[in-house]
Amino acid sequence: MNASDQKRLLREMIFYRRFEERSFEAYMERKIGGFLHLYSGQEAVATGVLEVARCGHDYVITGYRDHVHAIKAGAPAREVMAELYGKETGSSRGRGGSMHIFDPTVNFMGGYALVGQPFPLAAGLALACKHKGTDQIAICFLGDGANNQGTFHETLNMAALWKLPVLFVCENNLYAIGTRIERSSAVTDQYKRVCAYNIPSSQHDGQDIDVVMAAAGDAIAHVRAGRGPYFIEFMTYRQRGHSMSDSNAYRSKDEERQWLERDPLKIYAERLKKAKVVTDKDIAAMEKSVLNEIENDIVRFAEESPEPRVEDLNKYCLDDQPDPRWIGPLAQGEQHG
Amino acid sequence: MAEIAYWEAIRRAHDEELAHDRMVIAMGEDIGVAGGTYKATSGLYQKYGAERIIDTPISENSYTGIGIGASMAGMRPIIEIMSINFALLALDTLINAAAKIRYMSGGRVSCPIVMRTPGGTAHQLAAQHSARLARMFMSTPGLRVVTPRGPLDAYGMLKSAVRCNDPVIIIEHESMYNMRGEVPDTETFRPLEGAEIVRVGTDVTLIGYNYSVHLCLAAAAKLAAMGISAEVLDLRALRPIDRDTIRRSVEKTHKAVIAEEDEATVGVGSEIISVIMEECFFALDAQPVRVHAADVPVPYNHELEKAAIPNADDVLAAALKVLGRV
Ligand SMILES: Cc1ncc(C[n+]2csc(CCOP(=O)(O)OP(=O)(O)O)c2C)c(N)n1
Ligand SMILES: [Mg+2]
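Residues numbered from 1 in each chain as written. Chains lettered and ligands numbered in written order. Predicted model: local features only at pLDDT ≥ 70, side-chain atom pairs only at ≥ 80, totals over all residues. Heavy atoms only, no water.

Asks: Can you break down the side chain of B:Glu231 residue by residue, with the values?
Replies: Residues and elements named next belong to chain B. Locating Glu 231 in the fold gives a position in strand β11 (residues 230-234). Under the relative-accessibility criterion, Glu 231 is labelled buried at 2%. Polar side-chain contacts of Glu 231 include one of 3.0 Å to the backbone nitrogen of Gly 201. Here Ser 249 takes part through its side chain, which lies 2.8 Å from a polar atom of the side chain of Glu 231. Leave out the neighbours within four places in its chain, and Glu 231 touches Ile 197, Arg 199, Val 200, Gly 201, Val 204, Thr 205, Leu 206, Ser 249, Lys 252 and Thr 253. (Helix = DSSP H or I, 4+ residues; strand = E, 2+ residues; numbered from the N terminus. Buried < 20%, exposed > 50% of the residue type's maximum accessible area, 1.4 Å probe, protein only. Polar contact = N/O pair within 3.5 Å; in protein donor to acceptor, adjacent residues only side chain to side chain. Contact = heavy atoms within 4.5 Å.)

Right, here's the structure in full:
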């Protein structure tokens, strides 16, 4: 990877961190409601995997911790922030919120709140790719906790059986809300759980974006070559609580400190500095430009955007312009049949 | 115009839609090599191949989810669930995903799936194979729910459901697959909305859907022999409900009976009575009467089963009651 791409990647990760922090502030100001699940600490996973995928071409789907996945997949950050604000200009027109970002123009097929639900949806997207005969693949990001759902096993079975072009990315941050993985998963190494379905799998460091890109690159090549699904597990850690009202009482300060030392932004910045790709001054400039962009473009857009109109409450429930040939009403002559 | 069986009508709709659009696929348990539990997909595996007529493992929630995911990427899957009782396993992907994705994406992603599944009691299949459950689906925004009463609608509504951009649930009936009826030889679409007056009358409106339309028709014939003119209304769609047709009929007859094979609580009958109250309360000459199943899991024993499920005489008795003849 050349130096300018490396710089871009570092800036992207800084951007994602600051985006999440800024949305936290907006939440505290009550400009954002509902649940808000931040991605801070896990940036290298989505950034690295999607860097080596073909965004806009491949399908991407994930759970509720979805802002960064959506933006890296190609959704405009302004629209994602506007969605958090519940505005009409948001990715989902203010109907979805933080957990339900969608942007089908770049094949980002959504964030979902039901833990484990995206597994089969991803396999379905992959089935469509296969059926159309394109070289697209589907990429499904989910947490470690999701692997305890029936959909995990059911979907892995069918994905393997039908050789679907789907990459399952497990972001193992060791916790499902407050339950540590040893207390919920009989086998804690998640990549081992898929061997029952004859799906190749591997486990990697999720804090080092270079490791992520190399491993994901191989996995994607496998899937794109038509060799069936692949399951890749990245070990990572969320630096904040599960959602907004989480004191992290279930984990030790020691553990948190250890993982903070392995902050993905820090690891990458150090590496680029050592390789003389960036200087401290460059990084300070990046930080400044990121904050400026977030404040003066992204947040401003969200703040100034209009709210959805209450008159449009019932819009989008069903197709708003249905074809009368399929829908009706029943013509007079068709009555008394 | 040929007379064909309900299952043949479904198969013909599949065949035509599969031929019309390569994005149409069918998926479900035993629908391919085995030809379908009710033969509704027989011969299609041989004609369209394993890639389009997909035999699934017994994983209702996830194969429904796979159909939904495929539909989000432009496919038109017809998903068969062997029995509506098993559809309970698919409620997460159906109700939490398919029914909500259009709305929560601000109209940007749609899920044009069709789910076909038989409800209803057959012959002594006992509690875990005899649920009706239409009321559960009809209360979910984001879905369309239709209930074909015979081969014509079974054929024409399936075709419309495949073309329509919304998720459509088609509730069939275990006991109706061999029922025969006329279907035009030329391609025909039947709309997914709109109730239908299937027998014109003036004295009382008998309202049914799917199987219970036939109970209403049988009761109407007996009433005719007694000199009473009953109008029979087939709801056809349980979601959305055609309020206008119900209102117009009740304004004419001033009396209503609602026949459902399901239990009464929070059911089709309660919903239709609410519609009548809201639309034409002052047109009523008598309080509406519901005909419905006993409030128990369906029993195995033949006599108990018969007692649990309404029949045409129950509809007749209800009609006589609203007419003040008992
Ligand atoms: C079906 C379902 N059950 C429970 C919940 C509540 N819940 C939300 S997130 C979560 C933990 C999921 O953990 P994991 O999959 O590891 O993802 P992470 O939050 O760590 O990214 C739970 C239990 C839910 N949203 N959906
Ligand atoms: Mg987790």
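The structure having been displayed, the exposition proceeds.
Asks: Give me the lowdown on the sheet that holds strand β14 (residues 289-293) of chain B, citing residues and values where you can.
Replies: Remark on secondary structure: sheet strands pair via backbone hydrogen bonds, oriented parallel or antiparallel. Residue and element names in this part refer to chain B. Judged by pairing direction, the sheet is mixed, and its five strands sit side by side in the order β9-β11-β10-β13-β14 without closing on themselves. Whereas interior strands pair on both sides, the edge strands pair on one side only; in this sheet they are β9 (196-199) and β14. Within the sheet, the average angular offset between the axes of one strand and its neighbour, ignoring direction, is 25°. One ladder, built from four bridges, connects strand β13 (residues 256-263) with β14; its direction is parallel. Each residue of the ladder has a partner; that of Ala 259, found in β14, is Val 291. Along the sheet, helix α10 (residues 268-280) makes contact with β10 (204-208), β13 and β14, crossing β13 at roughly 155°. (Pairing = 2+ DSSP bridges. Axes fitted to C-alpha atoms, helices over the stretch in contact; angles between N-to-C directions.)

Asks: Break down the interface of chain B and chain A for me, with residues and values.
Replies: Taken together, the 56 residues of chain B in the interface contact 48 residues of chain A. Counting the surface chain B buries against chain A, the share from its top three residues, B:Tyr103, B:Met104 and B:Arg108, is 18%. Its salt-bridge partner being B:Arg108, residue A:Asp103 comes within 3.2 Å of it at the nearest N-O pair. Residue assignment for the side of chain B that touches chain A shows that the elements contributing at least two residues are β3 (53-55), α3 (60-72), α5 (91-104), α7 (151-163) and β9 of chain B. Counting residues per element, the side of chain B that touches chain A draws most heavily on α3(B), which supplies nine residues. Partitioning the side of chain B that touches chain A into residue classes produces 26 nonpolar, 15 polar and 15 charged. (Buried area = accessible area lost by both parts, 1.4 Å probe. Salt bridge = Lys/Arg side-chain N within 4 Å of Asp/Glu carboxyl O. Nonpolar A, V, L, I, M, F, W, Y, C, P; charged D, E, K, R; others polar.)

Asks: An account of the sheet that holds strand β1 (residues 59-62) of chain A is needed here, citing residue identities and associated values.
Replies: Residues and elements named next belong to chain A. A sheet is described by the order of its strands in space; here six strands give the open sequence β2-β1-β3-β4-β8-β7, paired in parallel fashion. With partners counted over all chains shown, the strands left at the sheet margins are β2 (108-111) and β7 (201-205), one partner each. Here the average twist between neighbouring strands, direction ignored, is 15°. Where strand β3 (residues 138-143) lies against strand β4 (residues 166-172), six bridges are found, and the strand directions are parallel.

Asks: I'd like to hear about the domain arrangement of chain B, residue by residue, with values.
Replies: Residues and elements named next belong to chain B. According to the domain assignment, chain B consists of domain 1 (2-183) and domain 2 (196-322). If you average the C-alpha positions of domain 1 and of domain 2, the two centres end up 26 Å apart. Between domain 1 and domain 2, the residue contacts involve 35 residues of the former and 31 residues of the latter. Buried area between domain 1 and domain 2, summed over both chains or domains, comes out near 2,600 Å², and the portion from carbon and sulfur atoms is 49%. Asp 234 is paired through a salt bridge with Arg 149; the nearest N and O atoms lie 2.8 Å apart. Between domain 1 and domain 2 we count 22 residue pairs in polar contact (both at pLDDT 80 or more) in total. (Domains from an automatic or database assignment.)

Asks: Before we move on, can you summarise the coordination of the magnesium ion (ligand 2) with the specific residues and values?
Replies: All names here are of chain A. The protein atoms donating to the magnesium ion (ligand 2) are Asp 144 (OD), Asn 173 (OD1) and Tyr 175 (O), with metal-donor distances spanning 2.1 to 2.2 Å. Each donor residue of the magnesium ion (ligand 2) lies on the same chain, and together they follow the pattern D-x28-N-x1-Y. The exposure class of Asn 173 is buried, given its relative accessible area of 5%. (Donors = N, O, S within 2.8 Å, 3.2 Å for Na, K, Ca; no water.)

Asks: Please give an account of the state of the cysteines that cites residues and values.
Replies: What the rule picks out here adds up to zero disulfides over all chains. The thiol of A:Cys195 is not disulfide-bonded; the next cysteine sulfur, from A:Cys170, is found 15 Å away. You can see B:Cys111 has no disulfide; the closest cysteine sulfur is in B:Cys164, sitting 12 Å from it. Overall, the relative accessible area of 2% leaves B:Cys111 in the buried class. (Disulfide = S-S within 2.5 Å.)

Asks: Tell me about the site of ligand 1, residues and numbers included.
Replies: Residues and elements named next belong to chain A. In the vicinity of ligand 1, 15 residues are found, and the nearest of them are Tyr 64, Arg 65, Ala 113, Gly 145 and Asn 173. In this structure, a nitrogen atom belonging to ligand 1 sits 2.8 Å away from a main-chain N or O atom of Ala 113. Alone, ligand 1 offers 580 Å² of accessible surface; in the complex the protein occludes 70% of this. Partitioned by chemical class, the residues of the shell around ligand 1 number eight nonpolar, five polar and two charged. (Near = heavy atom within 4 Å. Areas by Shrake-Rupley, 256 points an atom, 1.4 Å probe, with all protein chains shown as cover.)

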